[in-house]
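Listed below, chain by chain, are the residues.
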Amino acid sequence: MLRKIIRIDEEKCTACGACVKACPKGLVHLVLKSAKYVVKCSSKDKGVDTKNRCKGGCIGCKICEKNCPSDAIKVTDNV
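Summarised in this report is the structure supplied together with it. This one's a predicted model, so the numbers in the text were calculated from it and none came from an experiment. (Residues numbered from 1 in each chain as written. Predicted model: local features only at pLDDT ≥ 70, side-chain atom pairs only at ≥ 80, totals over all residues. Heavy atoms only, no water.)

Take the overall build of the protein chain next. In terms of regular secondary structure, the protein chain is built from three helices and zero strands. Counting over 79 residues, the protein chain shows a buried share of 16%. Here the protein chain has roughly 7,300 Å² of accessible surface; of this, 55% comes from carbon and sulfur atoms. (Helix = DSSP H or I, 4+ residues; strand = E, 2+ residues; numbered from the N terminus. Buried < 20%, exposed > 50% of the residue type's maximum accessible area, 1.4 Å probe, protein only. Areas by Shrake-Rupley, 256 points an atom, 1.4 Å probe, with all protein chains shown as cover.)

Here the structure, examined in full by the defined rule, presents two salt bridges. With a shortest N-O distance of 3.4 Å, lysine 33 and glutamate 10 are connected by a salt bridge. Highlighted residues: lysine 33 in the loop between helix 1 (18–22) and helix 2 (47–53) and glutamate 10 in the segment before helix 1, separated in sequence by 23 residues. Take lysine 33 and glutamate 10: they sit in the same class, and that class is exposed. (Salt bridge = Lys/Arg side-chain N within 4 Å of Asp/Glu carboxyl O.)

Bringing the environment of lysine 46 into the picture now. Of note, lysine 46 is situated in the loop between helix 1 and helix 2. Here the alpha-carbon distance between lysine 46 and valine 79, two residues 33 residues apart in the chain, equals 9.5 Å.

Turning our attention to the layout of surface pockets. Put simply, the second largest pocket is a space of about 160 Å³. Taken together, Tyr37, Val38, Val39, Cys58, Cys64, Ile73, Lys74, Val75 and Val79 form the lining of the second largest pocket. Looking at side-chain class alone, the lining of the second largest pocket contains eight nonpolar, no polar and one charged residues. (1 Å grid on protein atoms, 1.4 Å probe; cavity = no way out; pocket = protein on both sides within 12 Å on 5 of 7 lines; lining within 4 Å. Points joined across faces, edges and corners; volume = space filled by probe spheres on them. Nonpolar A, V, L, I, M, F, W, Y, C, P; charged D, E, K, R; others polar.)

Phi is mostly negative for residues that are not glycine, and the peptide bonds are mostly trans. The phi dihedral of alanine 15 is positive, around 60 degrees, even though this residue is not glycine. Position of alanine 15 among the secondary structure elements: in the segment before helix 1. By relative accessible area, alanine 15 is classed as partly exposed at 47%. For aspartate 71, which is not a glycine, the phi torsion comes out positive at approximately 55 degrees.

Here the focus is the environment of isoleucine 63. In this structure, isoleucine 63 sits in helix 3 (residues 63–67). Owing to a relative accessible area of 52%, isoleucine 63 belongs among the exposed residues under this scheme. In the structure, isoleucine 63 is positioned 10 residues away from isoleucine 73 in sequence and 10.0 Å away in space, judged by C-alpha atoms.

This is how it looks when you write it as structure tokens:
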């Protein structure tokens, strides 16, 4: 199955949010350029299904949530 991934031209993007509003599946998000970590696959499927479809997808294991010392990470709907 061929899947295309959205690529953003950072020189042209104004962060207006139109692409976020337009995405029917809610998969497009604005992310700060300075963000250290970004989950690049927004699949809300169970871990096994996500692993089969997306190399960088969150599998909802919650290890990051459990290990965050400041309780800043929340895993919801397997993401």
